[in-house]
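Tertiary structure, described
So the chains spell out like this:
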Amino acid sequence: MGEKKRDLKRRDKASPITESKALRIVFEDKQTSHFIRVNFSHPGQKPRILSRKNLSRRDHLFFWIVEIIEKIRLALDGEDGLMNIARIEVDLFSGEIIDRQFYNYILEEEYQERVEEQPE
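Just so it is clear, the model here is predicted, and its values are computed rather than measured.

Once that is clear, we can look at the nonpolar core. Ile17, Ala22, Val26, Trp64, Val66, Ile68 and Val90 are the most contacted members of the largest nonpolar core, which totals 15 residues. At the level of elements, helix H2 (19-28), helix H3 (30-39), strand E2 (61-73) and strand E3 (80-91) are the ones that each hand at least two residues to this core. Take this core: its biggest share by element is four residues, from H2. Aside from chain neighbours lying at most four places away, what touches Val90 is Ile17, Ala22, Ile25, Val26, Phe63, Trp64, Gly95, Glu96, Ile97 and Ile98. Counting residues in each nonpolar core, the second largest holds six residues, with Met83, Ile85, Ile106 and Tyr111 among its members.

Counting across every chain of the model gives three aromatic pairs. Relative to Tyr111, the ring of Tyr103 has its centre 5.2 Å away and its plane inclined at 75 degrees; by these criteria the two rings are edge-to-face. Relative accessible area serves as the criterion here: at 10%, Tyr103 is assigned to the buried category. For Tyr111, a relative accessible area of 0% corresponds to the buried category. Site record: aromatic cluster; members linked through ring pairs are Phe35, Phe40 and Phe102.

Close approach of charged atoms allows side chains with opposite charge to pair. Taken as a whole and assessed by the stated rule, the structure comprises six salt bridges. Each member of the salt-bridge network shares a partner with another, and the members are Arg58, Arg87 and Glu89.

Moving on, we come to the confidence of the model for the protein chain. Interpreting fine coordinate detail is not advised for predicted regions of low pLDDT. Overall, the prediction assigns the protein chain a mean pLDDT of 86, with 82% of residues at 70 or greater. Overall, residues 6-11 carries pLDDT values under 50, and its contacts beyond four positions in sequence, including any with other chains, amount to zero contacts.

Pairing geometry for strand E1 (residues 48-58) and E2, over 11 bridges, is antiparallel. Paired with Lys53 across the two strands is Val66, which belongs to E2. A loop of two residues connects E1 with E2, the two strands running antiparallel in sequence, and Asp59 in this loop sits at a positive phi of about 55 degrees.

As a further point, take the environment of Glu70. Take Glu70: it is sitting in strand E2. Assessed through its relative accessible area of 2%, Glu70 is described here as buried. For the pair Glu70 and Pro47, spaced 23 residues apart in the sequence, the C-alpha separation amounts to 6.7 Å. Residues within four places of Glu70 in sequence aside, it is in contact with Asn39, Phe40, Ser41, Pro47, Arg48, Ile49, Leu82, Met83 and Asn84. Here the side chain of Glu70 touches Ser41 through a polar contact of 2.5 Å, side chain to side chain.

Each α-helix turn comprises 3.6 residues. Residues three or four places apart therefore point the same way. Of all the positions in H3, only Thr32, Ser33, Phe35, Ile36 and Asn39 are classed as buried. End-on, the buried residues of H3 take up no more than an arc of 155 degrees, which puts them together on one face. Opposite the packed face of H3, turned more than 90 degrees from it, sit the exposed residues Lys30, Arg37 and Val38.

Rules of the game
- Note on numbering: residues in each chain are counted from 1, in written sequence order.
- At least 70 in pLDDT is required for a residue's local features to be given in this predicted model, at least 80 for side-chain atom pairs to be given and counted, and no such filter applies to totals for whole chains, interfaces and linings, which use all residues.
- Calculation of side-chain values draws on the structure's entire complement of heavy atoms; hydrogens and water are dropped beforehand.
- Side-chain atoms within 4.5 Å are what join buried Ala, Val, Leu, Ile, Met, Phe, Trp, Tyr and Cys residues into a set we call a nonpolar core.
- Only protein chains enter the accessibility calculation, which uses a 1.4 Å probe; a residue is then buried when its area is under 20% of its type maximum, exposed when over 50%, and partly exposed in between.
- Secondary structure elements follow DSSP: runs of H or I no shorter than four residues count as helices, runs of E no shorter than two count as strands, and numbering proceeds from the N terminus.
- Residues count as neighbours in contact if any of their non-hydrogen atoms are within 4.5 Å of one another.
- Pairing of aromatic side chains requires ring centres within 6.5 Å, counting the rings of Phe and Tyr and the six-membered ring of Trp. Pairs whose planes differ by under 30 degrees are stacked, by over 60 edge-to-face, and all others tilted.
- For salt bridges, the criterion is a side-chain nitrogen of Lys or Arg within 4 Å of an Asp or Glu carboxyl oxygen.
- Looking at any residue, its pLDDT shows the predictor's confidence there, from 0 to 100.
- When DSSP finds two or more bridges between a pair of strands, those strands are recorded as paired.
- Distance and chemistry together define a polar contact, namely a pair of N or O atoms within 3.5 Å, with one atom able to donate a hydrogen and the other to accept it when in protein, and with adjacent residues in sequence counting only for side-chain atoms on both sides.
- Each direction from the helix axis to a C-beta atom contributes to the arc, which is the arc of those directions.

Next up, the structure:
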């Protein structure tokens, strides 16, 4: 009986976390929530905030890349230009945060260049 419980615990630890769990981990992270509170627009200003979650792999490590993005309108015509971004990597199996990157008032093209420059 004790062996079965240990086997179940091992299997649970090997189970991948869902993208919604990864998102929750990111929002519960103190550094990330601080960045969002300090740099994102106040809710009363009706900011355009979205999240993107992508599964990625580096060597033998699988992880979620979770991006919380605020798109900032530059002109009266509503055209987007700058963004505030919290980009967090969450280990697929342990749920631990591997890396955090915070970008404040960055152009989308510049952000894409920085992400592409990162080592695989």
